[in-house]
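Each chain, letter by letter, is given below.
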Amino acid sequence: MPALPVPSREMLTFLAVGAAGYVTDVAAFNWFREQPVVGDPVVAKVAAVGVAMVVTYLGNRLLTWRELGSENRRREVALFAVFNLVGLLISVLALDVSHHLLGLTSRLADNISGNVVGVGLGTAFRFWAYRRFVFVGAGSGDLDEPLGSEQPAGQGPGQREQDRGGADAAAAL
């Protein structure tokens, strides 16, 4: 039986920040869902993700990729917001299909579709997008690099940026 890969510090920190964002998202979603002004669960989800987005940006900037400076913070925040909106679209699509198309309208069904299925898919997308385009220079680019392992000579952040290829197109944003 092959050994399971050891997650990197980067991935573990990203997941911890994501867990804080997830708790924020779920709590805010359920609070917004009960507000008479909000009404629709899709609107509640959009508002909740907005709140969680602030938590996750700060957590990723201050913890996950803290060692990185940012030459262009506006670009970083703009890309973070764009990729969060794509992640939000993934969550909302899962919720919308479940709630409006399949008719599964209970609180439990809304939470499973929006906060388990949708957030799970959105999280995988966000890790890839943040690492590749937003917090550039993070890690060596090897997702399987275990905790505490050293980078080979010549494989620092600058090398990773060269290896990103098409990511420079995103810099134009």
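What counts and what doesn't
- Residues numbered from 1 in each chain as written.
- Predicted model: local features only at pLDDT ≥ 70, side-chain atom pairs only at ≥ 80, totals over all residues.
- Heavy atoms only, no water.
- Helix = DSSP H or I, 4+ residues; strand = E, 2+ residues; numbered from the N terminus.
- Buried < 20%, exposed > 50% of the residue type's maximum accessible area, 1.4 Å probe, protein only.
- Contact = heavy atoms within 4.5 Å.
- Axes fitted to C-alpha atoms, helices over the stretch in contact; angles between N-to-C directions.
- Left-handed = near helix turned anticlockwise from the far one by under 90°.
- Patch = residues over 30% accessible without salt bridge, like charges linked within 9 Å, V, L, I, M, F, W, Y side chains within 5 Å.
- Areas by Shrake-Rupley, 256 points an atom, 1.4 Å probe, with all protein chains shown as cover.
- Salt bridge = Lys/Arg side-chain N within 4 Å of Asp/Glu carboxyl O.
- Phe/Tyr/Trp six-rings, centres within 6.5 Å; stacked < 30°, edge-to-face > 60°.
- Expected span 1.5 Å × (residues − 1).
- Bend = angle between axes of the 7 residues up to and from the residue.
- Core = buried A, V, L, I, M, F, W, Y, C linked by side-chain atoms within 4.5 Å.

**Description of the side chain of Thr56**
Logical step 1: With respect to the helices and strands, the residue Thr56 is situated in helix 2 (residues 41–64).
Logical step 2: The class for Thr56 is buried, based on a relative accessible area of 12%.
Logical step 3: Aside from chain neighbours lying at most four places away, what touches Thr56 is Val17, Gly21 and Phe80.

**Some words on the packing of helix 1 (residues 9–33) against helix 4 (residues 107–134)**
Logical step 1: Where helix 1 contacts helix 4, the axes come no closer than 11 Å and their chain directions differ by 145°. When the axes of helix 1 and helix 4 are compared, the crossing they make is right-handed. Of the residues in helix 4, those touching helix 1 at Glu10, Met11, Phe14, Tyr22, Asp25, Val26, Phe29, Asn30 and Arg33 are Arg107, Asp110, Asn111, Asn115, Val116, Val119, Thr123, Arg126, Phe127, Tyr130 and Arg131.

**A few points about a nonpolar patch on the surface**
Logical step 1: Together, Tyr22, Val23, Leu108, Ile112, Val116, Val117 and Leu121 make up a nonpolar patch on the protein surface, roughly 650 Å² of accessible area in all.
Logical step 2: Breaking the nonpolar patch down by element, the ones donating at least two residues are helix 1 and helix 4.
Logical step 3: Broken down by element, the nonpolar patch gets its largest block of residues, five residues, from helix 4.
Logical step 4: Structurally, Val23 is set in helix 1.

**A look at the packing of aromatic side chains**
Logical step 1: Applying the stated criterion across every chain yields a total of 14 aromatic pairs.
Logical step 2: Geometrically, the ring pair formed by Trp65 and Phe135 is stacked, given 4.7 Å between the ring centres and 20° between the ring planes. Here Phe135 lies in the loop between helix 4 and helix 5 (157–163) and Trp65 lies in the loop between helix 2 and helix 3 (73–101), a separation of 70 residues in the sequence. Of the two residues examined, Trp65 and Phe135, each falls in the buried class.
Logical step 3: Both rings, one in Phe80 and one in Phe135, keep their centres 6.3 Å apart while their planes meet at 70°; by these two values the pair is edge-to-face. Here Phe80 is found in helix 3, whereas its partner Phe135 is found in the loop between helix 4 and helix 5, with 55 residues between them in sequence. Each of the two residues, Phe80 as well as Phe135, counts as buried.
Logical step 4: Among the aromatic residues, those joined into a cluster by ring pairs are Phe14, Tyr57, Trp65, Phe80, Phe127, Tyr130 and Phe135.

**Some thoughts on helix 4**
Each α-helix winds once per 3.6 residues, and so residues spaced three or four apart point in a common direction.
Logical step 1: A rise of 1.5 Å per residue sets the reference length of helix 4, with its 28 residues, at 40 Å; its end C-alpha atoms lie only 34 Å apart and thus fall more than 12% short of the reference.
Logical step 2: The largest bend along helix 4 reaches roughly 35° and is located at Val119.

**What about the nonpolar core?**
Logical step 1: The biggest cluster of nonpolar side chains holds 13 residues, and the ones touching the most others in it are Phe14, Trp65, Phe80, Phe83, Tyr130, Val134 and Phe135.
Logical step 2: Of all the secondary structure elements, the ones that give two or more residues to this core are helix 3 and helix 4.
Logical step 3: The element best represented in this core is helix 4, accounting for five residues.
Logical step 4: If sequence neighbours within four positions are ignored, Phe14 has contacts with Asn60, Thr64, Trp65, Thr123, Arg126, Phe127 and Tyr130.
Logical step 5: Counting 10 residues, the second largest nonpolar core, distinct from the first, contains Ala28, Phe32, Val49 and Leu88.

**Focus: helix 1**
Logical step 1: Its 25 residues give helix 1 an end-to-end C-alpha distance of 35 Å, which sits within 8% of 36 Å, the value for a rise of 1.5 Å per residue.
Logical step 2: Turning to helix 1, its buried residues number three or more, namely Glu10, Thr13, Phe14, Val17, Gly21, Asp25, Val26, Ala28, Phe29, Asn30, Phe32 and Arg33.
Logical step 3: Tucked into the core, helix 1 has its buried residues touching helix 2, helix 3 and helix 4.

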